[in-house]
Amino acid sequence: MPHTETPGTEVAQSPRLRWWTELPLIVLVYACYSAGRLVVRGDVSDAVDHGLAILRIEKALYLNAEHPLNRLFTREPWLGIPADFWYASLHYLVTPAILVWLFRSRAVHYRAARTWLMTSTFIGLIGFTLLPTCPPRLLDASHGFVDTMAYYSSYGWWGGEASAPRGLGGMTNQYAAMPSLHVGWALWCGVILWRYGRSRWTKTAAVVYPLVTTIVVMGTANHYFLDAAAGAAVMGAGLLLAPFVTRYADRAKARFLPRPAADPAAVPADSAATGSPIVSAGCQTSAGERFPRQRHPEPRYGAGTEPGASPSDAGEGAPATAR
């Protein structure tokens, strides 16, 4: 017997996402993120005060891992130079690569993962706006930090101003250290690889990539430990808010975008029958049973006297009709 679903309980199929709509959306979100970092520069003195306050809190809590890591990366070029390349490159390569991989091979999970990433990115932009923070590398030299990006700038394409290419450092907000989206995006990549990767290598990369990124951002003096912790917290908040963002996006799309008209030829022939109410609710009546309040005319003839009735119809004791 074929299985039929109860009307109204069918799962609605979401429309298939297309790359030519996804790519402009991602570019737009990243452009807003970059423009926000550029416009919201904040006051330099406030940014320095916030950075020093974070440093004091870390020292009080014995969380100051930046100093030993920074000294190690400065003293050992074989660690410092790859760390600078890691910081300047992978942030912009690994995240888009995982998005493309999800889109092509794990499409059913892509939209939720993309919405999580974008929601967290906008939360991070709010953090840059409300709390401009000077990174350790821009503090006075008396605080003991060395800007490894400037120290090893002759080995890479970046200049002495953050990880931007030479001559473009002035186009970035260097006081956007809190939260660290380098760590946040790396954590997103790790979670995605762990959940949807099937090989041992992807599981290993899921752990190594965010862990090494956290060490790199501190060793290169680009972020404090609390910046990295805030980046993880931002991703957690984005994960919680992503379902609500998806729901409101669907409502806005249904309200402002017209739905495609249904093709009458595609409607099955028995759709009217399946859509009409069933009066008997599945019940059947036996032969000769009357519905309630149904009126029938009284017979005018006696039993077996109706025209054309045969003796067998009248019964065994009824007289035969005259011929």
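Everything quoted here is computed from the prediction, not taken from an experiment.

Within the protein, the secondary structure is distributed over 11 helices and 0 strands. When the helices and strands of the protein are placed in sequence order, the string is α-α-α-α-α-α-α-α-α-α-α. A burial count over the protein gives 34% of its 323 residues as buried. For the protein, restricting intrachain contacts to residue pairs at least 6 apart in sequence, the fraction spanning at least 24 positions comes to 80%. Total accessible area on the protein stands at roughly 20,900 Å², and carbon and sulfur atoms take up 64% of it.

For the rest of this paragraph, the subject is the packing of aromatic side chains. Under the criterion given, the structure shown has 4 aromatic pairs. A ring pair is formed by phenylalanine 103 and tyrosine 110, whose centres lie 5.2 Å apart and whose planes are at 80°; its orientation type is edge-to-face. On the basis of an interplanar angle of 80° and a centroid distance of 4.9 Å, the ring pair of tyrosine 151 and tyrosine 152 is categorised as edge-to-face. Through pairs of rings, three or more aromatic residues link up here, namely Tyr151, Tyr152 and Tyr155. Sitting over the face of the ring of tryptophan 194, lysine 203 holds its NZ or CZ atom 4.9 Å from the ring centroid.

This part takes up the confidence of the model for the protein. Model confidence for the protein is summarised by a mean pLDDT of 76, while 62% of its residues fall at 70 or above. In this model, residues 269-276 is a region of pLDDT below 50 whose contacts with residues beyond four sequence positions or in other chains number 0 contacts. In the model, residues 309-317 has pLDDT below 50 throughout and makes 2 contacts with residues more than four positions away in sequence or in other chains.

The set of residues buried in helix α3 (residues 66-75) consists of Glu66, His67, Leu69, Asn70, Phe73 and Thr74. Taken around the axis of α3, the buried residues stretch over an arc of 165°, which confines them to a single face. Of the surrounding secondary structure, the elements contacted by the buried residues of α3 are α2 (44-60), α4 (77-105), α6 (148-151), α8 (200-219) and α9 (225-256).

All right, on to the nonpolar core then. As a rule of thumb, nonpolar side chains are buried together in soluble globular proteins. Counting residues in each nonpolar core, the largest one holds 23 residues, and the members touching the most others are Ile98, Leu102, Trp116, Leu117, Trp188 and Ile192. Counting 12 residues, the second-largest nonpolar core is a separate cluster that includes Ala83, Tyr87, Ala88 and Met218.

Here the bond from methionine 178 into proline 179 is cis, since omega is 0°, no more than 30 degrees from zero. Within the element layout of this structure, proline 179 appears in the loop between α6 and α7 (181-196). With a phi close to 65°, alanine 221 is a non-glycine residue in the positive phi region. Of note, alanine 221 is situated in the loop between α8 and α9.

Turning next to the side chain of aspartate 84. In this structure, aspartate 84 sits in helix α4. Leaving out residues up to four positions away in the same chain, aspartate 84 has contacts with Thr148, Met149, Tyr152, Trp158 and Thr220.

Before going further, it helps to spend a moment on the packing of α7 against α9. At a minimum axis separation of 7 Å, α7 and α9 run at an interaxial angle of 45°. One element, α7, and the other, α9, form an angle in the oblique class. The handedness of the crossing between α7 and α9 is right-handed. For the pair α7 and α9, contact is made by Leu181, Val183, Gly184, Trp185, Leu187 and Trp188 and by Ala228, Gly231, Ala232, Val234 and Met235, respectively. Grouping the amino acids of the contact of α7 with α9 by side-chain chemistry returns 9 nonpolar, 2 polar and no charged.

Quick notes on the rules
Residue positions are given per chain, counting from 1 as you read along its sequence in written order. This being a predicted model, a pLDDT of at least 70 is required before a residue's local features are given, and a value of 80 or more before pairs of side-chain atoms are given or counted; all residues contribute to the totals for chains, interfaces and linings. Side-chain numbers here rest on the full set of heavy atoms in the structure, without hydrogens or water. Helix and strand assignments come from DSSP, with helices taken as H or I runs of at least 4 residues and strands as E runs of at least 2, each series counted from the N terminus. Remark: exposure states derive from per-residue accessible area (1.4 Å probe, protein chains only) relative to the maximum for the residue type, with buried under 20%, exposed over 50%, and partly exposed in between. In this description, contact between two residues means that some pair of their heavy atoms is separated by no more than 4.5 Å. Surface accessibility in these figures is a Shrake-Rupley result with a 1.4 Å probe; residues are shielded only by whichever protein chains are displayed. Put simply, two rings from Phe, Tyr or Trp (the six-membered ring, in Trp's case) pair if the centres are within 6.5 Å, and we call them stacked under 30 degrees between planes, edge-to-face over 60, tilted for the rest. Geometrically, a charge over a ring is one whose NZ (Lys) or CZ (Arg) sits within 6 Å of the ring centre while staying within 35 degrees of the ring normal. pLDDT is a residue-level measure of predictor confidence that goes from 0 to 100. Here the arc refers to the set of directions running from the helix axis out to each C-beta atom. Think of a nonpolar core as a cluster: buried Ala, Val, Leu, Ile, Met, Phe, Trp, Tyr and Cys residues, connected wherever their side-chain atoms sit within 4.5 Å. Comment: axis = line fitted to C-alpha atoms, over the contacting stretch for helices; angle = value between 0 and 180 degrees taken between N-to-C directions. Each angle is binned into one of four classes, with values under 35 degrees roughly parallel, values over 145 roughly antiparallel, values of 65 to 115 roughly perpendicular, and all other values oblique. Crossings are assigned a handedness: left-handed for a near helix turned anticlockwise from the far helix by less than a right angle, right-handed for a clockwise turn. Three classes are used, and their members are as follows: Ala, Val, Leu, Ile, Met, Phe, Trp, Tyr, Cys and Pro are nonpolar, Asp, Glu, Lys and Arg are charged, and the others, Gly among them, are polar.

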